[in-house]
Structure formats: structure tokens, C-alpha cells
Amino acid sequence: MREEYKQDLHPDTLKEHSIEDGPLVVDESQITETTAQYSDRELNKTELTEDELRASGYTTHYGANKEKLIEVKNLKQYFNVGKSNEVKAIDDISFDIYKGETLGFVGESGCGKSTTGRSLIKLYDATGGKVYFDGTDIQSIKRKKDLLHFNRRMQMIFQDPYASLNPRLKVMDIIAEGIDIHKLAKNKQDRANRVYELLQTVGLNKEHANRYPHEFSGGQRQRIGIARALAVEPDFIIADEPISALDVSIQAQVVNLMQELQRERGITFMFIAHDLSMVKYISDRIGVMYFGKLVEIGPADAIYNNPLHEYTKSLLSAIPLPDPESERTRVRHTYNPDVHAYSADDVLELREVAPDHYVYCSPSEYEKHKANYNHHKGTTAVGQL
Ligand SMILES: Nc1ncnc2c1ncn2[C@@H]1O[C@H](COP(=O)(O)OP(=O)(O)O)[C@@H](O)[C@H]1O
Ligand SMILES: [Mg+2]
């Protein structure tokens, strides 16, 4: 079977497939629906209306509760400083993450997304700038007790569900690791009960606790990773490309699970991905990175319907469209930084073009964006970009 067909299989013909199962073979005659159509259908299933969200007493929309959980100010993270291989992995970025929201973070491989995520959980000493968590400068957290408390409040879910679980531990002990470190269980029975409950929360069951990671498929392993993160009852979860290594049929399930968790528990999420296809469904706001810079950030609808930066437009043009007719005529745009034609004295910075919608640009681009914004508002369909 040709590699490109894999992307367009009807998901019902795909059982959860793990890498160890060997190559995936599917009868091509069964292809009836594209991935994008499937994603739309799957994801819309659990989509609650605004009214339902309000009725449930909780709305994930940051607009309702614009309290900052994280504040990033002029953050720089350089590697190999002063050497020939110096990398400006993050080059002066500023943004906030509001309590209870999902912030999607997208950009091509190597643009600095993971480094940003890791900086937020204090894995590096910043080259410059500051990160505040709930008002506290994270670099000032030094005492062991404070560090432990800080670490409990933020958790990370990783891309590779194969490498991120210790193969020698049973699922029980993998999930309970944080419970042990933070001494959250009253006794052995309480510890086990907590793990059983977490397994149920992520759609697995009690019996799975006694098994080893290799006995699970990729999607199931990612559920175990999510259960492990939830075990310490964090306020903030960074999911670093949590679905990139999974089959398309499983991606929507894992995304739905995270979305449910956020609604039920009010956890703040940063969801990192290299493209916009899943991110647009679950994000309240989306940030777009390009070569260490944050080039655009704004409400998900605005990024999707009214992208300003040429790079964002190129990312959007890469998303497959559900409608076969538009998909056939979809034109992919490649971003060429030369289009900006910046001069040496142009001051480039993130500027607010519309409420909460910022784009990295020069003063003259800023004027153009502002003039165009209202004109385009609500009229630009992605297929017409
Ligand atoms: N520990 C490190 N040492 C040196 N360079 C690094 C390190 N971590 C990341 N980089 C470099 O920083 C850049 C950004 O990497 P990363 O944040 O992993 O990007 P992304 O997650 O968007 O793919 C890349 O050029 C990468 O090679
Ligand atoms: Mg990465």
C-alpha cells in the first residue's frame, strides 16, 4: 500500500495499530471518507454548545475569566552561546496563558516549540527574559519544598508514547510515581484506588494496572501518559505533540479525551503541534512560532478565519479540507520571508491588530493589517486564501 493512502483511510477500517504490529495493510476499496471529514465528525460529536457549557457552570473560553496563569516576558533561550553552532531557539517572545484555556502552539519542526514548553516548567535557565507562574518569577523558586510544589502544579505529556514510559515498570507504578513523590496516597489501597480511577478516566480499566507498557498500543500508551500527568492533580499541562506519533484514527480520540478533561477539571492546557489541523478544534487561542519568534497569536477563530502573518497563512493552506471539491482545488502556499521586504531600521514586534489578535510586523505592515482587518472580518474562508 502506498504511503500517502494511509492519510486518507476510513478510520473505521483502522483498528488501533501499533508500530510493532508491522506495516498497516488495508483494503483500499474501503476508503470512503477523508481524514479531515472523519476529524470533523468525531470532534463535533463531543462539541458542547455555548449554552451547554454555561449550564455546566464552566466555560473553557478564556474570555469569561481572563486571569493569567502564565506570563512570558521577552523570553530568550539560546544554546551553545558564543560558539559557531549557537542557536537562538527562542528569540524574545512574550505571551500569556489564561487560567482554564487551551493555548495551541504551532510551527514547523525546530522553530522552538518544545524549548518554549520546557522553559515554562523551568527546565532551563533563561538566556533572557522572565516567566511568571501564578505571579511568581519561576527563576526565584529555589527551596526544595517550593520546587516540589511547583513541579506538582505543572505536568508534561510527551510526543512519543513508546519512549516516555519506563518499560520495566508496571502501569500501576508508572501512574503512581507522582502520587509517591508528592505523598498523595494515605496508604497502599488508596494508592491503588487512585490509579484505578485514573485508568477509568482515560478510558482504560483496572486490569490494565498490572501490565507493562509494551502490551499496549500507541493510543493506549498515550492514555497512560495522560493518566500519569493527571495523578498529581496539576493546574497546567503541556502536551508536546501528544498525537503526532499516533495513527490518524486514534488522534481524534486522544484529542477528545484531553478536551473532556479540560472541561471537567478546568486544567489549563498548552497544546503543541507542528500543524493546525487538530489544534484549531481544541484551542481557545493559537500562537504561531517561526524560527524562535512568535509571529502571531490570537483567538482560534481569528487565526483560522482571518490570519494576518504570511507564515500563518501557509500553515492554514496545508490543512486538508473536508469538502472533496475544495480539497481538489486547495492551493498550498509556501512562506517566503522575503515577502516582507523589511529594511534595516524597521522595528519588528508583536502588535495588536484587533482585540487580542497580535502579529509580528513592521509599523507599515501594522497599518495595512489594521486597514484590512474589518474589511475581511468573517468573509475569508480558508479555502479561498
Ligand atoms: N538542548 C539543546 N541544545 C542545543 N540546541 C538545542 C537544544 N534543544 C533544542 N535545540 C535547538 O533549538 C531549536 C529549537 O528546537 P525545539 O524547541 O526542539 O523545536 P520544535 O519543538 O519546534 O521542533 C532547534 O534548532 C534545536 O536543534
Ligand atoms: Mg518539539
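Notes on the structure follow. (Residues numbered from 1 in each chain as written. Chains lettered and ligands numbered in written order. Predicted model: local features only at pLDDT ≥ 70, side-chain atom pairs only at ≥ 80, totals over all residues.)

### Describing the site of ligand 1
Taken together, Phe79, Asn80, Val87, Ala89, Gly107, Ser109, Gly110, Cys111, Gly112, Lys113, Ser114 and Thr115 make up the full set of residues adjacent to ligand 1. Listed by contribution, the elements that provide at least two residues to the shell around ligand 1 are strand S2 (87-98) and helix H3 (113-120). Here the element with the most residues in the shell around ligand 1 is H3; it accounts for three residues. In the shell around ligand 1, the residues fall into four nonpolar, seven polar and one charged. (Near = placed C-beta within 6 Å. Helix = DSSP H or I, 4+ residues; strand = E, 2+ residues; numbered from the N terminus. Nonpolar A, V, L, I, M, F, W, Y, C, P; charged D, E, K, R; others polar.)

### A word on the environment of Ile319
For Ile319, the location among the structural elements is in the loop between helix H11 (310-317) and helix H12 (324-329). The exposure class of Ile319 is buried, given the 21 C-beta atoms found within 10 Å. The spatial distance from the C-alpha of Ile319 to the C-alpha of Leu276 is 6.9 Å, given a sequence separation of 43 residues. Contact partners of Ile319, with chain neighbours within four places excluded, come to Asp275, Leu276 and Ser277. (Buried ≥ 20, exposed ≤ 12 C-beta atoms within 10 Å, placed from the backbone. Contact = placed C-beta atoms within 7 Å.)

### Examining the environment of Gln262
When you line up the elements, Gln262 lands in helix H8 (residues 248-265). Along the sequence, Gln262 and Glu101 sit 161 residues apart, while their C-alpha atoms lie 8.3 Å from each other.

### Some details on H8
In a regular helix each residue adds 1.5 Å, so 18 residues correspond to 26 Å; H8 covers 26 Å between its end C-alpha atoms and thus fits that length. Looking only at H8, the buried set comprises Val248, Ser249, Ile250, Gln251, Ala252, Val254, Val255, Met258, Gln259 and Gln262. Looking at the residues trailing H8, positive phi occurs at Gly266, about 65°. (Expected span 1.5 Å × (residues − 1).)

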